[in-house]
Amino acid sequence: MNRRDGVNPSVPSKLAGRLYVLGAALLWSMSGLFAKATLFHDIPVETRGPVLAFWRAVFATLVLLPAVRRPRWRVWLIPVTICFTGMNVTYLTAMTRTTAANAIWLQSTAPWWVFLLSLILFREPVVRRDLIPLFFGMLGVGFILGFEAVYSEGVARSGVVFGLVSGLFYAGVVIFMRQLRDEDSAWLVALNHCVAALVLLPWILWLGRWPSAAQFLVLFGFGALQMAIPYLLLIRGLRAISSQETVALGLIEPVLIPLWVYLKWGESPAWWTMIGAALILVGLLLRYVVWELVARRSPPELAEPRLPPGD
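Student: Looking at this model, I keep getting lost on the overall build of the protein chain. Mind explaining?
Tutor: Secondary structure assignment for the protein chain yields 13 helices and two strands. Out of the 311 residues in the protein chain, the part that is buried amounts to 47%. Within the protein chain, contacts between residues separated by at least 24 positions form 90% of all contacts whose residues are at least 6 apart in sequence. When the accessible surface of the protein chain is totalled, it reaches about 15,400 Å², and 69% of it is carbon and sulfur.

In structure tokens, the structure reads:
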């Protein structure tokens, strides 16, 4: 603590915190640029997602480990690492099998899975204002899934399923991270990536396929630039701004991912994906922007009542 002005120099200003989070979201939005790279087209599409997930996790671990300060064992580390590994594999599998827009927007259903799982597993009360954003999210997902079921087939259809499952795993990460919120953030993120790499290692060894020198270089960028560095920026940003504001700023990620892929690789999302994504985005904006602003400005005595969970 700075004794002269009472300011902790390790805590950034709010402006700096917002810039850190925006930087993290911008780097995360590059996942499609890496996953869709033609450099990896010699890897069969059936195995490409897990292969990319393994190497991304390896290089992210190597970059994140020096930032770890307080490693500690907790039983909640087991489910969170399982969910993170599942999220890592299913998201990149979806990204390599269907459009980037489908992959990221179906994963963006995670807040609605969090809502449902928290209600079922932890019996958390229902906040009434969450129901309208939930409706928009479910409507958007239903729109995408309905048209994909009719117009896609084979590998593309399985990619949509993997995208939806990645949202479920992502929700698990969020839920179990809540139980570990007092732990060192860098430790949790590094451990998650390390476990993901170790889980996939036997399969990679059995596959016996190793990247070329050029692929290694791009994979290092995938792990370091697109995964590890954004988490370090996020950890820094969370010291200055609220988690609600962080989520709101992070909404630029699912908006930018399809844009970068279109500009670089010429992949256009289907019209039904764009409509479904717009509905999901409306739900997320209502929940994490509009509703939060209303809640902050409302007097405590006028706060919306919570509905008890059903039996």
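Student: Help me out: how do you make sense of the pattern of salt bridges in this one?
Tutor: A side chain of one charge can pair with a side chain of the opposite charge if their charged atoms are brought near each other. In this structure the tally under the stated criterion is four salt bridges. Across the pair glutamate 183 and arginine 74 runs a salt bridge whose closest N-O atoms are separated by 2.6 Å. Here glutamate 183 is found in the loop between helix H8 (154-178) and helix H9 (185-207), whereas its partner arginine 74 is found in the loop between helix H3 (45-64) and helix H4 (77-97), with 109 residues between them in sequence. Classification of arginine 74 by relative accessible area gives partly exposed; the value is 25%. Through salt bridges with shared partners, a single ionic network connects Arg72, Arg74 and Glu183.

Student: What is the right way to read the packing of H3 against helix H10 (residues 213-237) from this model?
Tutor: Between two packed helices, the angle of one axis relative to the other and the distance separating the axes together describe the packing. Their axes nearest at 7 Å, the elements H3 and H10 cross at an angle of 55°. As summarised for this structure, H3 and H10 are arranged oblique, according to the angle between their axes. Here H3 and H10 pass one another in a crossing that is right-handed. For the pair formed by H3 and H10, the contact residues are Leu52, Trp55, Arg56, Phe59, Ala60, Val63 and Leu64 on the first element and Phe216, Leu219, Phe220, Phe222, Gly223, Ala224, Gln226, Met227, Ala228, Tyr231 and Leu232 on the second. Partitioning the contact of H3 with H10 into residue classes produces 15 nonpolar, two polar and one charged.

Student: Looking at this model, I keep getting lost on the confidence of the model for the protein chain. Mind explaining?
Tutor: Caution applies to low-pLDDT regions: their predicted coordinates should not be interpreted in detail. The predicted model of the protein chain has a mean per-residue pLDDT of 85, with 89% of residues at 70 or higher. Scored below 50 in pLDDT, residues 301-311 makes 15 contacts in the model with residues more than four places away or belonging to other chains.

Student: Mind showing me how you'd approach the packing of aromatic side chains here?
Tutor: Any two aromatic rings considered together are summarised by their centre-to-centre distance and by the angle between their planes. By the definition in use, this model includes 17 aromatic pairs. Consider the rings of phenylalanine 143 and tryptophan 271, whose centres lie 6.2 Å apart with planes at 75°: the pair is edge-to-face. Pair noted here: phenylalanine 143 is in helix H7 (residues 131-151) and tryptophan 271 is in helix H13 (residues 271-297), with a separation of 128 residues, a long-range link. Relative accessible area serves as the criterion here: at 46%, tryptophan 271 is assigned to the partly exposed category. An aromatic cluster of three or more residues is present, and its members are Phe54, Trp55, Phe59, Trp210, Phe216 and Phe220.

Student: Explain the side chain of threonine 98 to me, please; I cannot follow it from the model alone.
Tutor: For threonine 98, the position within the fold is in the loop between H4 and helix H5 (100-107). On the basis of relative accessibility, which here comes to 7%, the residue threonine 98 falls in the buried class. A distance of 3.0 Å separates a polar atom in the side chain of threonine 98 from a polar atom in the side chain of asparagine 102. Apart from the residues within four sequence positions on either side, threonine 98 is in contact with Lys36, Ala103, Ala156, Gly159, Val160 and Glu267.

Student: Looking at this model, I keep getting lost on helix H6 (residues 110-121). Mind explaining?
Tutor: Side chains of residues three or four places apart in an α-helix project in the same direction, reflecting 3.6 residues per turn. In this model H6 runs 15 Å from its N-terminal to its C-terminal C-alpha over 12 residues, within 8% of the 16 Å that 1.5 Å per residue would give. Of all the positions in H6, only Ala110, Pro111, Trp112, Val114, Phe115 and Ser118 are classed as buried. With its phi angle positive at about 55°, arginine 123 sits one or two positions after the end of H6.

Student: Can you help me understand the environment of leucine 164 in this one?
Tutor: Inspection of the secondary structure assignment puts leucine 164 in helix H8. With residues near it in sequence (within four places) discarded, leucine 164 still touches Leu106, Thr109, Trp113, Val141 and Leu145.

Student: How do you make sense of H9 when you look at a structure like this?
Tutor: Taking 1.5 Å as the rise per residue, H9 with 23 residues should run 33 Å; its terminal C-alpha atoms sit 33 Å apart, in good agreement. At leucine 201, H9 shows its maximal bend, which comes to roughly 40°, and the proline proline 202 appears one to four places after that position. Inspection of H9 places Ala186, Trp187, Leu188, Val189, Ala190, Leu191, Asn192, His193, Ala196, Ala197, Leu200 and Ile204 among the buried residues, and these make up the whole buried set. Close packing links the buried residues of H9 with H3, H4, H8 and H10. Glycine 208 sits one or two residues past H9 and shows a positive phi near 65°.

How each quantity is defined
- As a convention, each chain's residues are numbered from 1 in the sequence order in which they are written.
- For a predicted model such as this one, the threshold for reporting local features is a pLDDT of at least 70, and the threshold for listing and counting side-chain atom pairs is 80 or more; totals across whole chains, interfaces and linings nevertheless cover every residue.
- As a rule here, side-chain values come from all non-hydrogen atoms in the structure, and water together with hydrogens is ignored.
- Only DSSP runs of H or I covering at least 4 residues are called helices, and only runs of E covering at least 2 are called strands; the numbering of each starts at the N terminus.
- A simple rule labels every residue: compare its accessible area, found with a 1.4 Å probe on the protein chains alone, to the largest value its type can have, and call it buried under 20%, exposed over 50%, or partly exposed in between.
- We call two residues contacting when some pair of their heavy atoms lies within 4.5 Å.
- Only the protein chains shown count as cover for residues, and the accessible areas themselves come from Shrake-Rupley with a 1.4 Å probe.
- Basic side-chain nitrogens of Lys or Arg form a salt bridge, by our definition, when they fall within 4 Å of a carboxyl oxygen of Asp or Glu.
- Interaxial angle, 0 to 180 degrees, is taken between N-to-C directions of lines fitted to C-alpha atoms, where a helix line uses only the stretch in contact.
- Geometric relationships in this document are graded by angle, where less than 35 degrees denotes roughly parallel, more than 145 denotes roughly antiparallel, 65 to 115 denotes roughly perpendicular, and other angles denote oblique.
- Each crossing gets its handedness from the near helix: less than a right angle anticlockwise from the far helix is left-handed, clockwise is right-handed.
- When residues are grouped by polarity, Ala, Val, Leu, Ile, Met, Phe, Trp, Tyr, Cys and Pro land in nonpolar, Asp, Glu, Lys and Arg in charged, and all others, Gly among them, in polar.
- A residue's pLDDT is the predictor's confidence in that residue, given on a scale from 0 to 100.
- In summary, the pairing rule links any two rings of Phe, Tyr or Trp, Trp by its six-membered ring, whose centres are within 6.5 Å, and it sorts them by plane angle into stacked for under 30 degrees, edge-to-face for over 60 and tilted for everything else.
- By the criterion applied in these results, polar contacts are pairs of N or O atoms within 3.5 Å in which, for protein atoms, one can donate a hydrogen and the other can accept it, and in which residues neighboring in sequence qualify only through two side-chain atoms.
- Under the convention used throughout, the expected extent of a helix is 1.5 Å for every residue step, that is, one less than its residue count.
- The bend reported for a residue corresponds to the angle between axes fitted to the seven residues ending at that residue and the seven starting there.

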